[in-house]
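Chain by chain, the residues run as shown.
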Amino acid sequence: MKNLSFLVIALLLSVPAFSQQFEKEKINAEEFKNVKVTVGGDFAIQLQSLDHEADVELIDLKNNFNLPTANLNITADLAPGIQLFINNYMSSRHHNEAWVEGGYLVIDNMPFLPAADNVMKYLTIKAGVMMPNYGDAHFFRSNNADVLNNPFVGNWIMDAYTTNPGLEVMFRSNGFLALVGTNNGRLNYGRGNDIGEDLVFNWKLGYDTQVNDDLRLRASLSGYHVGEGHSGSYLWDGDRAGARYYNVMQKADAEGDNFRSGRWSPGSGQSEMNSYMANIFAQFHGLEVFGIYESMKGVRRDADQHFTQTALQALYRLGSFYVGTRLNKVSNNDGSSVNRTNIGGGWYMVENVLVKLDYVTQKYDGPAHGDIDGGKFNGLVFEAAISF
């Protein structure tokens with residue numbers, strides 16, 4: 001019994017306390033020696049056991065392993081304070097072939113312009129194909145096989161994620177953050193010979209402080225704006241890797257795979273939109289609380305939209321283990337809504353290896369899933385992941 005107690009204590013303390021990562025810290029220009037390329041990878045696999053029901057016949061869900069997913073990451077240190085990052089999907093739910101998800105340049109220092117040294121102490125410039133820094137929810141989501149920052153298996157119901165060509169400038173000083181960015185709104189904007197002229201704009205204001213050794217507080221407010229006449233912006237339907245809860249709420253006679261199964265959002269193609277997200281984060285000893293309030297108003301296919309998302313996530317971390325819950329709701333101005341509850345936990349076997357168990361229950365009120373009116377799904381999903 002004594003040996004077992006020592007083993008339990010050793011497991012609990014085997015990994016240093018987890019610290020939630022939001023925007024990456026500035027690159028230390030003094031650490032640059034020469035051009036260096038680093039290759040990393042992410043791997044994830046799930047064992048799914050879910051049930052679903054609705055007022056129509058749905059496909060028969062099986063208890064089995066999902067398709068393993070994999071990312072290949074390349075980071076290149078090009079000069080003091082200048083870094084290139086490229087992410088590749090080697091295996092994903094939505095595409096069978098390997099493809100480039102995105103890549104961008106980070107400039108935290110300008111060795112080619114010494115006169116800018118004092119200004120660059122506070123600025124970070126990002127340019128390339130990337131997720132616009134809208135809201136803080138995307139820091140808690142799985143990006144295909146990169147899942148270590150997500151304490152649960154599924155992403156948010158209204159999952160803001162896209163990769164668009166653009167530019168962002170971020171100012172940081174003494175915990176304060178101010179960001180402004182612009183992008184083309186839809187990745188391959190020139191599709192259909194419509195090269196377009198309208199840009200999309202995003203911004204963020206935030207404050208992140210370590211009050212003392214035990215308490216960290218963060219709050220942010222973000223906006224994402226699509227001008228009237230845009231040919232169709234992507235934000236919530238920009239994740240092309242696919243959702244985690246495979247085939248839920250899919251009709252028996254459906255053709256193909258709804259790779260966004262389990263999510264619900266305004267969709268893509270807004271020709272006019274203003275969206276705002278407010279977030280709070282608090283960490284006290286091992287307790288973490290994260291909250292979302294998101295509101296969008298837009299026009300899609302000449303129809304007005306007004307979606308609202310709220311979420312509250314609470315975790316308790318003890319060494320290499322954590323347990324927690326996530327409450328998530330999305331509602332539309334037509335009265336339909338989706339409610340989800342997650343309960344689960346995880347174990348960092350080592351710093352780069354995570355296993356987690358997620359119990360999920362999700363209920364649809366109204367026509368919130370295609371032409372299905374109502375319905376629900378629930379069950380367990382186990383996920384194992386490696387990132388390095």
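Quick note: structure is the one above.
All values derive from a computational prediction rather than experimental measurement.

Asker: Is there a simple way to think about unusual backbone geometry in this case?
Answerer: The general pattern is negative phi for most residues beyond glycine and trans for most peptide bonds. A positive phi angle, close to 65°, is found at asparagine 247, a residue other than glycine. Residue classification places asparagine 247 among the partly exposed positions, given a relative accessible area of 25%. We note that methionine 249 has phi near 60°; this positive angle belongs to a residue other than glycine.

Asker: What am I meant to see in the environment of valine 39 here?
Answerer: With respect to the helices and strands, valine 39 occurs in strand β1 (residues 36-53). For the pair formed by valine 39 and lysine 121, sequence separation is 82 residues and the distance between their alpha carbons is 28 Å.

Asker: Where do I start with the side chain of threonine 308 in this structure?
Answerer: On the secondary structure map, threonine 308 appears in strand β13 (residues 303-318). Once residues within four sequence positions are removed from consideration, threonine 308 is found in contact with Tyr293, Glu294, Ser295, Lys329, Val330 and Ser331.

Asker: Explain the packing of aromatic side chains here, please?
Answerer: How two aromatic rings sit relative to each other is given by the distance of their centres and the angle of their planes. Under the defined criterion, the tally for this structure stands at 17 aromatic pairs. Relative to tyrosine 207, the ring of phenylalanine 176 lies with its centre 4.6 Å away and its plane at 40°, an arrangement referred to as tilted. Here the residue phenylalanine 176 occupies a position in strand β8 (residues 176-183), and tyrosine 207 occupies one in strand β9 (residues 200-210), the gap between them amounting to 31 residues. Tyrosine 207 gets classed as partly exposed once you look at its relative accessible area, which sits at 35%. Site record: aromatic cluster; members linked through ring pairs are Phe22, Phe139, Phe140, Trp156, Phe281 and Phe290. A cation over a ring is seen here: arginine 93 above tyrosine 246, with NZ or CZ 4.3 Å from the ring centre.

Asker: Would you mind showing me how to read empty space enclosed by the protein here?
Answerer: Rolled over the atoms, a probe with the dimensions of a water molecule shows which regions are left empty. The full count for this structure, using the stated rule, is four cavities of 30 Å³ or more. Empty space within the largest cavity amounts to approximately 50 Å³. What lines the largest cavity is Tyr89, Trp99, Glu101, Tyr161, Thr163, Gly238, Asp239, Arg240 and Ala241. Within the lining of the largest cavity, the residues separate by chemical class into four nonpolar, two polar and three charged.

Asker: Is there a simple way to explain the pairing of strand β16 (residues 353-365) in this structure?
Answerer: Looking along a regular strand, one sees the side chains alternate between the two faces of the sheet. Sheet analysis places strand β15 (residues 337-350) next to β16, joined by 13 bridges and oriented antiparallel. Residue pairing for β16: isoleucine 343 is matched across the bridge by tyrosine 359. Between β15 and the antiparallel strand that follows it, β16, lie two residues. Bridge analysis of β16 against strand β17 (residues 375-387) gives 12 bridges, and the strand direction is antiparallel.

Asker: Where do I start with the pattern of salt bridges in this structure?
Answerer: Pairing is possible between side chains of opposite charge, provided their charged atoms come close. Tallying each qualifying case throughout the model produces 17 salt bridges. Note that lysine 204 is salt-bridged to glutamate 23, the shortest N-O span being 3.1 Å. Of the two residues, lysine 204 is situated in strand β9 and glutamate 23 in the loop between α1 (2-12) and β1; the sequence distance between them amounts to 181 residues. A residue is classified by how much of its surface remains accessible, and lysine 204, at 0% relative accessible area, is buried. Since its relative accessible area comes to 12%, glutamate 23 is described here as buried. Taking the shortest distance from any N to any O, the salt bridge between arginine 216 and aspartate 208 comes out at 2.8 Å. Through salt bridges with shared partners, a single ionic network connects Glu23, Asp136, Lys204, Asp208, Arg216 and Arg218.

What counts, and where the lines are drawn
Residues numbered from 1 in each chain as written. Predicted model: local features only at pLDDT ≥ 70, side-chain atom pairs only at ≥ 80, totals over all residues. Heavy atoms only, no water. Buried < 20%, exposed > 50% of the residue type's maximum accessible area, 1.4 Å probe, protein only. Helix = DSSP H or I, 4+ residues; strand = E, 2+ residues; numbered from the N terminus. Contact = heavy atoms within 4.5 Å. Phe/Tyr/Trp six-rings, centres within 6.5 Å; stacked < 30°, edge-to-face > 60°. Lys NZ or Arg CZ within 6 Å of the ring centre and 35° of its normal. 1 Å grid on protein atoms, 1.4 Å probe; cavity = no way out; pocket = protein on both sides within 12 Å on 5 of 7 lines; lining within 4 Å. Points joined across faces, edges and corners; volume = space filled by probe spheres on them. Nonpolar A, V, L, I, M, F, W, Y, C, P; charged D, E, K, R; others polar. Pairing = 2+ DSSP bridges. Salt bridge = Lys/Arg side-chain N within 4 Å of Asp/Glu carboxyl O.

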